[in-house]
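Letter by letter, the chains look like this.
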Amino acid sequence: MTLSPRLAQIGKECVACGSCLRVCPRGAIHIASGVTAQVNSDACVGCGRCAKICPADVITIVQRRAVK
Amino acid sequence: MKRKWYDYLWIAELLYWVLGVCNILFAWLGMVFFCIPLLMAIVGGNKTYCNRFCGRGQLLGLLGSKFSRNAPPPRFLRSRWFRGGFLAFFMVMFGLMLRSTYMVFSGAPLRQSVTLLWTFKLPWQWAEVGMVAPWVAQFAFGFFGVMMTSTVLGLLTMVLFRPRSWCVYCPMGTMTQGICKLKQGKEDVQ
């Protein structure tokens, strides 16, 4: 399987509101223990919908290579 | 994505306002919106209420899709200091509301008004509340004011920034996230 070149990255100040879960077309985000959102990097396609909706503006779309 | 029953909880939020305006005693129902997220965080160690069941968040999301500027919010909004400070401020206001409820319980006269943003008295002829003890009615008036104030702030930041900007500094969200962090810390230690 080929991974997309970009993916979402969650910032430290995530408020765990869950807005991003609702818009992710791949279901690639979950809230870990009510503390922060986490991205399944294999499932994320870096579409950026989560970044656009995030009310805290803590999601950035980055190059996959930069993360690894 | 197929919608689930809990995707319609924004209707419950609307219903709360309609019922409260018809009879202020329905304001007590708002305690559900306080207790369930706390219970979920304390017992389950999660923010499922915020993530799935928050009718207010859903309503802001729906209205925001039409009326929000969708602008990124200022950084301070998500800072620990602002969120913690706003929670503390809200708790003080809640405490003052409980105090006035106690005063009425102790014999002080009932004040039949709802105060918006802790300042403005709403010009509304509230329904008769003589069927319950005065302190029960006083709590309803105070609590409806708290709920209405937070909704107005939520709507304001919805328009100015992103639809669910309220979720960033919502006192309940801050509190439940704090509880989850504490719980996670404990589990990590064990």
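Located above this text is the structure these notes cover.
Residues numbered from 1 in each chain as written. Chains lettered and ligands numbered in written order. Predicted model: local features only at pLDDT ≥ 70, side-chain atom pairs only at ≥ 80, totals over all residues. Heavy atoms only, no water.

What follows concerns the packing of helix 2 (residues 31-44) of chain B against helix 6 (residues 134-160) of chain B. Residues and elements named next belong to chain B. Close contact between helix 2 and helix 6 brings their axes to 11 Å; oriented N to C, the two are set at 70°. When the axis of helix 2 is compared with that of helix 6, the two are roughly perpendicular. Of the residues in helix 6, those in contact with Met31, Phe33 and Phe34 of helix 2 are Phe139, Phe143 and Met147. A breakdown of the residues in the contact of helix 2 with helix 6 according to their chemical character gives 6 nonpolar, no polar and no charged. (Axes fitted to C-alpha atoms, helices over the stretch in contact; angles between N-to-C directions. Helix = DSSP H or I, 4+ residues; strand = E, 2+ residues; numbered from the N terminus. Parallel < 35°, antiparallel > 145°, perpendicular 65-115°, else oblique. Contact = heavy atoms within 4.5 Å. Nonpolar A, V, L, I, M, F, W, Y, C, P; charged D, E, K, R; others polar.)

Overall, the coordinates contain 4 salt bridges over all chains when judged by the stated rule. A salt bridge links Asp57 of chain A to Arg162 of chain B; the shortest N-O distance between them is 3.2 Å. Of this pair, Asp57 of chain A sits in the loop between helix 2 (49-53) and strand 4 (59-63) while Arg162 of chain B sits in the loop between helix 6 and helix 7 (166-169), placing the two residues on different chains. The class of Asp57 of chain A is partly exposed, set by a relative accessible area of 27%. (Salt bridge = Lys/Arg side-chain N within 4 Å of Asp/Glu carboxyl O. Buried < 20%, exposed > 50% of the residue type's maximum accessible area, 1.4 Å probe, protein only.)

Before going further, it helps to examine the nonpolar core. With 60 residues, the main nonpolar core has Ile59 of chain A together with Tyr16, Ile24, Phe143 and Phe144 of chain B as its most contacted residues. No other element matches the 11 residues that helix 6 of chain B contributes to this core. With residues up to four places along the chain from it excluded, the contact list for Phe144 of chain B reads Tyr16, Trp17, Gly20, Val21, Ile24, Ala27, Val114 and Trp126 of chain B. (Core = buried A, V, L, I, M, F, W, Y, C linked by side-chain atoms within 4.5 Å.)

All names here are of chain B. Taken as a whole, this structure holds 23 aromatic pairs over all chains when the rule is applied. With 5.4 Å between their ring centres and 85° between their planes, Tyr6 and Phe53 make a pair best called edge-to-face. A residue pair is termed long-range when its members are at least 10 positions apart, and Tyr6 in the segment before helix 1 (10-22) and Phe53 in helix 3 (residues 48-53) qualify at 47 residues. The exposure class of Tyr6 is buried, given its relative accessible area of 14%. (Phe/Tyr/Trp six-rings, centres within 6.5 Å; stacked < 30°, edge-to-face > 60°.)

Residue and element names in this part refer to chain B. Assignment of secondary structure puts Lys121 in strand 2 (residues 120-121). On the basis of relative accessible area, Lys121 is assigned to the exposed category, the value being 61%. Expressed as a C-alpha distance, the spacing of Lys121 and Gly145, which sit 24 residues apart in the sequence, is 9.2 Å. Look past the residues within four positions of Lys121 in its chain and what remains in contact with it is Ser113, Val114 and Thr115.

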